[in-house]
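Reading the structure
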Amino acid sequence: MRDHVRRRVAAAASLALVTGSLALTPASPAQAHAAGKVRQSQTVISGDARFQILSPTLIRTEYSPGGRFADRDTHNVIGRDDFRPTRFTKRISKGWLTIDTGAATVRYRVGSGPFGKDNLSVRLTTGRQSVTASPWAGQGTPECPAGALCEAEDLHLAGLSVATNHGGFTGQGFVAGFEGTGSALTLAAAPAAAGTGQLTVRYANSTGGDGQNVARTLTVTVDGAAAGTLTLPPTANWDTWQLASVPLQLAAGRHEIALVRTAADSGNVNVDSLALLAPGAAYPAPVPASPQPCAFGTLCEADTGALSGGAKTADDHNGYSGDGFLAGLERTGAGVALTVTGVPADGDYRVQLRYANGQAGSRPVQSRTVSVTANGGPPVTATLAPTSGWDFWRTQEVPVSLRAGTNTVALGCPDDTGCHVNVDTIAVTARTAPLLAPHAPLGGYRRGLDGVDGGARTYAGLLFSDGWSLLDDSAAHTAAGHQDGYVFAYGQDYRRALRELSTLTGPTKLLPKWAYGVWYSEYYDRTAAEFQDIVNRFRSEGVPLDVLVVDTDFKAPDKWNGWSIDETRFPDWNAFAARLRKQGVRTGLNIHPSILGSDPLFPRAQEIAKGKLQRTGCNGGPDCYVFDFGDADHLKAYFWLHEQMDADVDFWWLDWCCDASRSSRTDITADTLINQEYARRTGFAFSRAYGSLQAGGYGNPGPVPTGPWADKRTTLHFTGDTISNWETLRFTVGYTPAESAATGLAAVSHDIGGHTGGLQEPGSEPGSTKLPDDLYARWVQAGTFQPIDRLHSNHSDRLPWQYGEAAEASAKKFLNLRRKLQPYTYAAAAEATRTGTPITRAMYLAYPQEQEAYATAGSQYLYGPDLLVAPVTTPGSTASTTVWFPPGSTWTDYFTGRKYRGGTTATITTTLDTMPVFVRSGAKRPG
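Conventions we followed
- Residues numbered from 1 in each chain as written.
- Predicted model: local features only at pLDDT ≥ 70, side-chain atom pairs only at ≥ 80, totals over all residues.
- Heavy atoms only, no water.
- Helix = DSSP H or I, 4+ residues; strand = E, 2+ residues; numbered from the N terminus.
- Rg over C-alpha atoms; globule rule 2.2 N^0.38 Å.
- Buried < 20%, exposed > 50% of the residue type's maximum accessible area, 1.4 Å probe, protein only.
- Areas by Shrake-Rupley, 256 points an atom, 1.4 Å probe, with all protein chains shown as cover.
- Lys, Arg positive; Asp, Glu negative; His and termini not counted.
- Charge placed at Lys NZ, Arg CZ, Asp CG, Glu CD.
- Disulfide = S-S within 2.5 Å.
- Contact = heavy atoms within 4.5 Å.
- 1 Å grid on protein atoms, 1.4 Å probe; cavity = no way out; pocket = protein on both sides within 12 Å on 5 of 7 lines; lining within 4 Å.
- Points joined across faces, edges and corners; volume = space filled by probe spheres on them.
- Pairing = 2+ DSSP bridges.
- Axes fitted to C-alpha atoms, helices over the stretch in contact; angles between N-to-C directions.
- Expected span 1.5 Å × (residues − 1).
- Bend = angle between axes of the 7 residues up to and from the residue.
- Parallel < 35°, antiparallel > 145°, perpendicular 65-115°, else oblique.
- Polar contact = N/O pair within 3.5 Å; in protein donor to acceptor, adjacent residues only side chain to side chain.
- pLDDT = per-residue confidence, 0-100.
- Salt bridge = Lys/Arg side-chain N within 4 Å of Asp/Glu carboxyl O.
- Core = buried A, V, L, I, M, F, W, Y, C linked by side-chain atoms within 4.5 Å.

1. Quick word on the overall build of the protein
Helix and strand content of the protein: 12 helices and 58 strands. Computed over C-alpha atoms, the radius of gyration of the protein comes to 28 Å, within 12% of the 30 Å expected from 2.2 N^0.38 for 927 residues, which places it in the range of a compact globule. The C-alpha extent of the protein, read off along each of the three principal axes, is 80 × 70 × 65 Å. By the burial criterion, 60% of the 927 residues in the protein qualify as buried. Of the roughly 32900 Å² that the protein leaves accessible, carbon and sulfur atoms contribute 51%. Computed over 82 positive and 87 negative side-chain charges, the separation of the two mean positions in the protein equals 8 Å.

2. Concerning the state of the cysteines
Counted according to the given criterion, the structure contains four disulfides. The disulfide that involves cysteine 294 links it to cysteine 300, with 2.0 Å between the sulfurs. Its torsion about the S-S bond being 90°, the disulfide of cysteine 294 and cysteine 300 is classed as right-handed. Residue cysteine 294 is classed as buried on the basis of its relative accessible area, which comes to 1%. Sulfur-sulfur distance for the disulfide between cysteine 413 and cysteine 419 comes to 2.5 Å. Note on the cysteine 413 and cysteine 419 pair: the S-S dihedral is about -80°, so by sign convention the disulfide is left-handed. Taken as a pair, cysteine 413 and cysteine 419 share a single burial class, namely buried.

3. A closer look at unusual backbone geometry
Residues alanine 556 and proline 557 are joined by a peptide bond in cis, for which omega reads 0°. Within the secondary structure, proline 557 sits in the loop between strand S38 (555–556) and strand S39 (564–565). Here tyrosine 690, not a glycine, exhibits a phi torsion of approximately 85°, which is positive. The phi dihedral of histidine 795 is positive, around 55°, even though this residue is not glycine. Mapping histidine 795 onto the fold places it in the loop between strand S50 (789–791) and helix H10 (805–835).

4. So, the side chain of threonine 714
Assignment of secondary structure puts threonine 714 in the loop between strand S45 (685–687) and strand S46 (715–718). Apart from residues no more than four positions distant in its own chain, threonine 714 is found in contact with Lys509, Asn675, Gln676, Ala679, Phe684 and Ala685.

5. Things to note about empty space enclosed by the protein
Within this model, the largest cavity holds a volume of roughly 230 Å³. In this structure, the largest cavity is lined by 18 residues; those nearest its centre are Asn318, Asp391, Phe392, Gly443 and Ala738. The biggest single contributor to the lining of the largest cavity is helix H8 (residues 726–743), with four residues.

6. Details of the sheet that holds strand S6 (residues 89–93)
Two pairing modes exist for strands in a sheet, parallel and antiparallel, and in both the strands are linked by backbone hydrogen bonds. In spatial order, the strands read S6-S7-S8-S9-S10; together these five strands make up an open sheet with antiparallel pairing. Pairing within the sheet leaves two strands with one partner each, and these edge strands are S6 and strand S10 (129–133). For this sheet, the mean inter-axis angle between neighbouring strands, taken without regard to orientation, is 15°. Taken together, the five bridges between S6 and strand S7 (residues 96–100) define a ladder with antiparallel strand orientation. Pairing of threonine 89 across the sheet is with aspartate 100, part of S7.

7. Quick notes on the environment of alanine 190
Among the secondary structure elements, alanine 190 is positioned in the loop between strand S15 (184–189) and strand S16 (195–204). It is 30 Å that separates the C-alpha atoms of alanine 190 and alanine 460, two residues lying 270 residues apart in sequence.

8. Focus: the sheet that holds strand S18 (residues 225–232)
Read across the open sheet, the five strands follow the order S12-S15-S20-S17-S18; overall the sheet is antiparallel. With partners counted over all chains shown, the strands left at the sheet margins are strand S12 (156–158) and S18, one partner each. With direction set aside, neighbouring strand axes in the sheet form an average angle of 25°. Inspection of the sheet shows S15 paired to strand S20 (residues 255–260) by six bridges, in the antiparallel sense.

9. Thoughts on H10
In this model, H10 (31 residues) spans 43 Å end to end at C-alpha, consistent with the 45 Å of a helix rising 1.5 Å per residue. Where H10 bends most, at leucine 821, the angle is about 55°, and the proline proline 823 comes one to four residues later. The first or second residue beyond H10 is glycine 836, which carries a positive phi of 90°.

10. Overview of the packing of helix H3 (residues 528–540) against helix H4 (residues 573–582)
With their axes 11 Å apart at the nearest point, H3 and H4 run at an angle of 5° to one another. The angle between H3 and H4 places the two elements in the roughly parallel class. Here Ala528, Phe531, Gln532 and Val535 of H3 come into contact with H4, specifically with Phe576, Arg579 and Leu580.

11. Focus on H8
Between its first and last C-alpha atoms H8 spans 26 Å; for 18 residues at 1.5 Å apiece the expected length is 26 Å, and the two agree. At tyrosine 735, H8 shows its maximal bend, which comes to roughly 30°, and the proline proline 737 appears one to four places after that position. Looking one or two residues beyond H8, the residue adopting positive phi is glycine 744, at roughly 85°.

12. Overview of the environment of tryptophan 136
Within the secondary structure, tryptophan 136 is located in the loop between S10 and strand S11 (150–151). By relative accessible area, which is 3% here, tryptophan 136 ends up buried. Remark: the alpha-carbon pair of tryptophan 136 and glutamine 483, spanning 347 residues in sequence, is separated by 9.4 Å. Tryptophan 136 has contacts with Thr61, Phe115, Gly116, Leu120, Leu470, Asp472, Ser474, Gln483, Asp484 and Gly485, leaving out every residue within four places of it along the chain. In this structure the side chain of tryptophan 136 is engaged in a polar contact, spanning 3.0 Å, whose partner is the side chain of threonine 61.

13. Here we look at the confidence of the model for the protein
The predicted model of the protein has a mean per-residue pLDDT of 92, with 96% of residues at 70 or higher. With pLDDT under 50 throughout, residues 1–38 is counted as low confidence; its partners more than four residues away or in other chains account for 105 contacts.

14. Remarks on the pattern of salt bridges
Here the structure, examined in full by the defined rule, presents 39 salt bridges. Residues aspartate 773 and lysine 770 are paired through a salt bridge, measuring 2.9 Å at the closest nitrogen-oxygen approach. Residue aspartate 773 is classed as partly exposed on the basis of its relative accessible area of 26%. Here the residues in one salt-bridge network are Arg50, Arg60, Glu62, Asp71 and Asp484, joined through shared partners.

15. Quick notes on the nonpolar core
Core analysis: the largest hydrophobic core is formed by 102 residues, its most contacted members being Trp573, Tyr638, Phe785 and Leu867. If one sorts the elements of this core by residue count, H10 sits on top with 10 residues. Leaving out residues up to four positions away in the same chain, leucine 867 has contacts with Phe785, Leu821, Tyr824, Tyr861, Leu862, Tyr894, Val917, Phe918, Val919 and Pro926. Tyr490, Tyr854, Leu862 and Tyr900 belong to the second largest nonpolar core, which has 40 residues in total.

16. A look at the pairing of strand S32 (residues 405–412)
Bridging between strand S27 (residues 335–343) and S32 involves seven bridges; their strand directions are antiparallel. When the sheet's bridge partners are listed, alanine 337 is paired in S32 with alanine 410. With four bridges joining them, strand S29 (residues 368–374) and S32 adopt antiparallel strand pairing. Within the sheet, the bridge partner assigned to alanine 374 lies in S32 and is valine 409.

So this is what it looks like as structure tokens:
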């Protein structure tokens with residue numbers, strides 16, 4: 001239920017098969033006509049359910065009350081007709097419809113209504129593991145029984161996120177946000193009889209991001225209609241929780257009840273839990289989770305056993321399955337005991353542990369030890385090697401002797417210093433059984449990394465380790481009860497999944513060749529002459545420059561919200577841009593999606609928008625108006641303002657961060673809509689992606705119902721303003737391939753060097769700072785092997801000649817290497833557009849059967865098809881980096897020529913003039 005902290009076509013003749021009350025029929029002539037090229041024989045209809053077999057591993061599952069199926073494209077899904085015909089069989093037995101493609105088997109209980117946990121399943125093989133899944137489980141609105149406490153984080157969230165950064169909450173966290181109009185928390189209730197009750201909410205309300213400490217409101221809706229206003233007085237602080245109630249009149253039957261921030265509400269509260277109660281009834285206490293048995297041969301969540309000695313459930317990292325993982329293994333006595341049932345006979349077995357072992361505080365990264373005991377017998381000690389961070393997991397087996405029937409298997413810490421690991425799942429299996437993969441996300445995405453300091457929670461995308469996922473496109477439909485989801489059953493063929501995602505939802509954008517070169521920008525107030533001097537300095541220093549982006553200070557009359565070019569800084573922008581283009585440098589200008597009421601262009605913009613621009617206040621102060629990109633008049637006014645600049649640019653940089661522009665459309669997010677509009681005008685959008693500012697807030701952007709699927713067709717993703725330190729550099733090494741794996745978007749762009757704060761020293765210009773030399777050099781090295789190499793900062797030096805001799809030489813060397821690699825990078829980008837395999841490739845995309853591919857995905861990746869890259873992320877002029885060399889190839893050091901045998905691990909020592917980069921055997925050394 002909480003995947004948010006992790007989560008056209010065959011040529012057979014038409015056939016009607018009737019068994020009992022079920023008719024398996026082709027689509028009607030009208031439906032077939034509307035479907036374009038979708039061939040009737042690829043469609044199976046069972047009452048109000050429809051299945052379209054797009055490929056052996058991709059099946060559309062659609063439920064529509066009254067059989068009103070949808071055949072038009074949606075904003076996400078544009079390639080349903082582009083798959084080749086698939087052979088499959090269909091049959092009915094004992095009330096179940098079974099569709100078998102050879103790679104996947106879908107079963108649906110005939111006449112059982114909307115898809116859910118118990119009436120639709122998919123079976124597939126992942127490696128040697130047989131997987132049976134319920135793709136629609138948890139996808140609907142969870143029911144909250146009358147009289148029971150329901151944790152807010154377990155309900156259906158839209159534009160909200162789960163947080164744990166305050167105290168006093170129950171469950172696994174609380175729901176934070178209600179910062180944007182339309183954000184909502186929804187539950188289902190089904191009273192047996194009509195009556196009056198009350199909805200009681202446990203909440204916290206202190207000083208919000210708007211600086212106010214006042215009573216807040218949320219609107220309560222029942223089945224989409226307003227049913228009352230919940231008033232939430234201030235609490236003592238954000239760690240203090242109170243109760244507030246609103247009466248509700250409900251008819252008998254099922255209802256959907258929501259807490260919504262409407263345009264009339266103030267929001268900005270945290271919600272911990274809620275309950276539907278009889279009038280005046282006491283608020284129920286939370287029910288502690290009880291230990292759950294673990295069946296032999298199945299995967300069990302480690303945190304559902306009996307915890308002891310400080311062991312606890314946590315969810316503050318990525319890549320785990322279920323609701324969390326087992327943490328707190330930090331001292332002797334900490335552990336978990338599981339009751340394992342159904343052991344077939346006395347004998348020797350294996351305990352499979354899926355664990356993460358990263359850096360624990362200030363302690364060095366090192367192997368850790370845990371003990372496994374059975375039935376209180378002697379412990380077996382297991383050594384667990386490091387993984388490449390707390391977001392990356394490895395499964396390891398430990399031998400154990402068990403008796404037939406029921407056993408107690410305990411995991412513990414043999415000493416206070418030796419444990420310090422997190423454990424996600426535990427399985428007890430036969431010795432010859434395959435390693436079992438849980439439904440844990442591979443990769444993840446966020447709208448931005450703004451303010452990220454060393455790590456951030458990400459959201460599940462396409463890929464999961466057990467080989468299946470559901471792309472839920474139901475939000476594209478306005479009909480009540482319409483379910484529309486695409487079941488991907490790729491097993492371990494992750495590249496196939498990305499290819500089919502590319503076909504279904506459109507390919508990732510191929511940018512112009514110059515975009516894969518060297519970029520420079522800085523949030524620093526400069527004139528045209530000063531920028532020209534920097535461009536000239538690049539030339540005289542022998543450093544390539546392909547793109548110059550000018551940040552917000554060029555604007556007038558306001559540097560943030562202005563819509564004219566300040567002629568005191570740029571007397572003739574177009575002449576300036578033309579000179580740079582002759583020098584091979586492309587340009588872009590920064591835009592914020594807001595306008596002051598005092599701007600000379602505002603009256604005409606408001607007239608074009610038919611008086612609908614909204615005064616909300618923003619980064620420019622209270623007299624600030626924003627745009628609704630879902631309103632055609634707003635959109636016309638917005639781009640009219642661009643035209644008034646009369647600026648010859650190669651692209652616009654949409655840098656919204658603190659501005660409340662949004663989209664009122666529900667079928668397409670604000671990011672996706674406006675990115676599409678920019679791409680229509682300049683070829684691509686340079687912007688944030690996947691959501692809107694209203695989805696979870698600026699600092700914690702949450703997922704949205706429409707998902708992250710459409711932005712890849714238009715967008716170069718600017719990930720935002722990170723903190724400049726080693727921890728953030730380390731995080732981005734794993735994040736870039738993880739985002740591409742989760743969403744299919746290949747063009748991910750970070751601020752090389754980070755944006756602000758962190759490790760800063762006095763800079764070379766008034767008011768500027770610089771990074772430590774080693775951090776700067778290593779970050780520039782890493783940027784050389786990123787989809788976009790964009791030097792950027794907030795008043796912090798990013799130019800090689802602003803650093804010491806060794807760092808300057810290193811930066812110059814690698815920026816020149818970026819130019820040499822530009823054809824290779826562009827070829828990898830073209831391959832990403834053609835096949836869906838991204839530029840930066842997580843190790844498991846190429847080596848899905850290797851546990852090390854998952855464990856090392858945070859520290860190394862493939863750059864294009866032939867380069868293995870492991871950026872240095874530790875300080876010092878000399879650094880040692882552990883590199884895993886995948887089997888099946890020999891790997892040659894790009895700089896030294898030394899060869900490493902595949903299937904081995906080595907420690908690579910480098911100074912600032914080199915980094916760990918290796919060429920696959922049989923490939924030509926690029927550059």
